[in-house]
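# Observations on chain architecture
One letter stands for each residue in the lines below.
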Amino acid sequence: MLVAAAVCPPTPLITLQLDDLRTACRTAIAALHDARPDALIVVGGARAATAYGGQAAGTLRPWGMDVTAGREGPVLPLSLTVGRWLLDDRDPDGFQSVALDAPIEECLQLGEKLGKIAPKVALLVMADGSACLSPRAPGKYDEAAGPYNRLIAEAVAQADPGALAALDPAHADRLWVSGRAALQVLAGAAGTRRYEGRLLMETAPYGVGYFAGLWT
């Protein structure tokens, strides 16, 4: 079952700047290791759902950064590459991407499956909030983005899988919430069990919502 989860943003900028956010993410990841899981899986959004081995690698060169993480040839999508980089030299037990447009039930089922792969499972969930939070954001500014982003932050802070499971895919898509599917995988892994949640940091540089959170 799921014993711990960390939520971190899949932005490549974290490798070069956003020092406070990087520190908060590594604090959450340290807590995952402290939980002594039998399996640590990194989850993130991508074009399609794919499982990768724990030594898989990824590169940020397509985003103009000479950064590669992992031990094999780079195959990981962006979200999982950033997660691998945050883990430093410690290999996870596997990586799992989820399609960015996956329906809710598919995300929940994938999370439930991941939660059963070992007696004690920890997830590093690479997910961000809305990219429509300011006029300078990548997406078109939307007044609904702030409340929606806050809803996600509160769900992370309160370890509320029900709130994450209830996120509407169409609404998330309109507000450029690319982390919606990965967050619903977390909800599926958590199920109806209760966890203690901590929001270690919430920030929105460049109009994109980033979170560092921990469930134990």
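The structure reproduced in this document is the subject of the present report. Note that this is a predicted model, so its numbers are computed, not measured. (Residues numbered from 1 in each chain as written. Predicted model: local features only at pLDDT ≥ 70, side-chain atom pairs only at ≥ 80, totals over all residues. Heavy atoms only, no water.)

## Here we look at the nonpolar core
Ranked by size, the top nonpolar core spans 43 residues in total, and within it Leu2, Val98, Leu123, Ile152, Leu164, Leu186 and Trp215 carry the most contacts. The element that contributes the greatest number of residues to this core is helix 7 (residues 180-190), accounting for 8 residues. Ranked by size, the runner-up nonpolar core spans 34 residues in total, among them Val42, Phe95, Ala122 and Leu124. (Core = buried A, V, L, I, M, F, W, Y, C linked by side-chain atoms within 4.5 Å. Buried < 20%, exposed > 50% of the residue type's maximum accessible area, 1.4 Å probe, protein only. Helix = DSSP H or I, 4+ residues; strand = E, 2+ residues; numbered from the N terminus.)

## So, the packing of helix 3 (residues 104-115) against helix 7
In the contact formed by helix 3 and helix 7, the axes pass within 6 Å of each other and the chain directions differ by 50°. For the element pair helix 3 / helix 7, the angle class is oblique. Classified by chirality, the crossing of helix 7 by helix 3 is right-handed. Residue-level inspection shows Ile104, Cys107, Leu108, Leu110, Gly111, Glu112 and Leu114 of helix 3 in contact with helix 7, the latter providing Arg180, Ala181, Gln184, Val185, Ala187, Gly188 and Ala189. For the contact of helix 3 with helix 7, the class distribution of residues is 9 nonpolar, 3 polar and 2 charged. (Axes fitted to C-alpha atoms, helices over the stretch in contact; angles between N-to-C directions. Parallel < 35°, antiparallel > 145°, perpendicular 65-115°, else oblique. Left-handed = near helix turned anticlockwise from the far one by under 90°. Contact = heavy atoms within 4.5 Å. Nonpolar A, V, L, I, M, F, W, Y, C, P; charged D, E, K, R; others polar.)

## A closer look at the packing of aromatic side chains
Remark: the centre distance and the inter-plane angle together describe each pair of aromatic rings, the angle taken between the planes. If you walk through the whole model with that rule in mind, you get 1 aromatic pair. For the cation-ring pair, arginine 26 lies above tryptophan 85, with the distance from its terminal atom to the ring centre recorded as 4.7 Å. (Phe/Tyr/Trp six-rings, centres within 6.5 Å; stacked < 30°, edge-to-face > 60°. Lys NZ or Arg CZ within 6 Å of the ring centre and 35° of its normal.)

## Some remarks on the pairing of strand 9 (residues 210-215)
Counted residue by residue, strand 9 has 6 buried out of 6 residues, so it is predominantly covered. Going residue by residue along strand 9, you find Tyr210, Ala212 and Leu214 tucked away on one face and Phe211, Gly213 and Trp215 tucked away on the opposite face as well. As paired strands, strand 1 (residues 2-8) and strand 9 are joined by 3 bridges and run antiparallel to one another. Residue alanine 6 lies in a different strand from strand 9, and its bridge partner there is leucine 214. Joining the antiparallel neighbours strand 8 (residues 197-203) and strand 9 is a turn of 6 residues, in which tyrosine 206 adopts a positive phi near 65°. (Pairing = 2+ DSSP bridges.)

## Comments concerning the sheet that holds strand 7 (residues 121-126)
Pairing is mixed in the open sheet, where 7 strands are placed in the order 3-6-2-7-1-9-8. What marks the edges here is a single partner per strand, and that holds for strand 3 (51-53) and strand 8. Going across the sheet, the axis of each strand differs from the next one's by a mean of 20°, ignoring polarity. Summarising the sheet, strand 2 (residues 39-46) and strand 7 pair through 6 bridges and their orientation is parallel. Counted as the bridge partner of leucine 40 is alanine 122 from strand 7. Sheet strands in contact with helix 1 (residues 19-34) are strand 1, strand 2, strand 7, strand 8 and strand 9, and its direction is about 20° off that of strand 9. Together, strand 1, strand 2, strand 3, strand 6 (94-99) and strand 7 form the strand contacts of helix 2 (residues 78-86), whose direction differs from that of strand 2 by roughly 145°.

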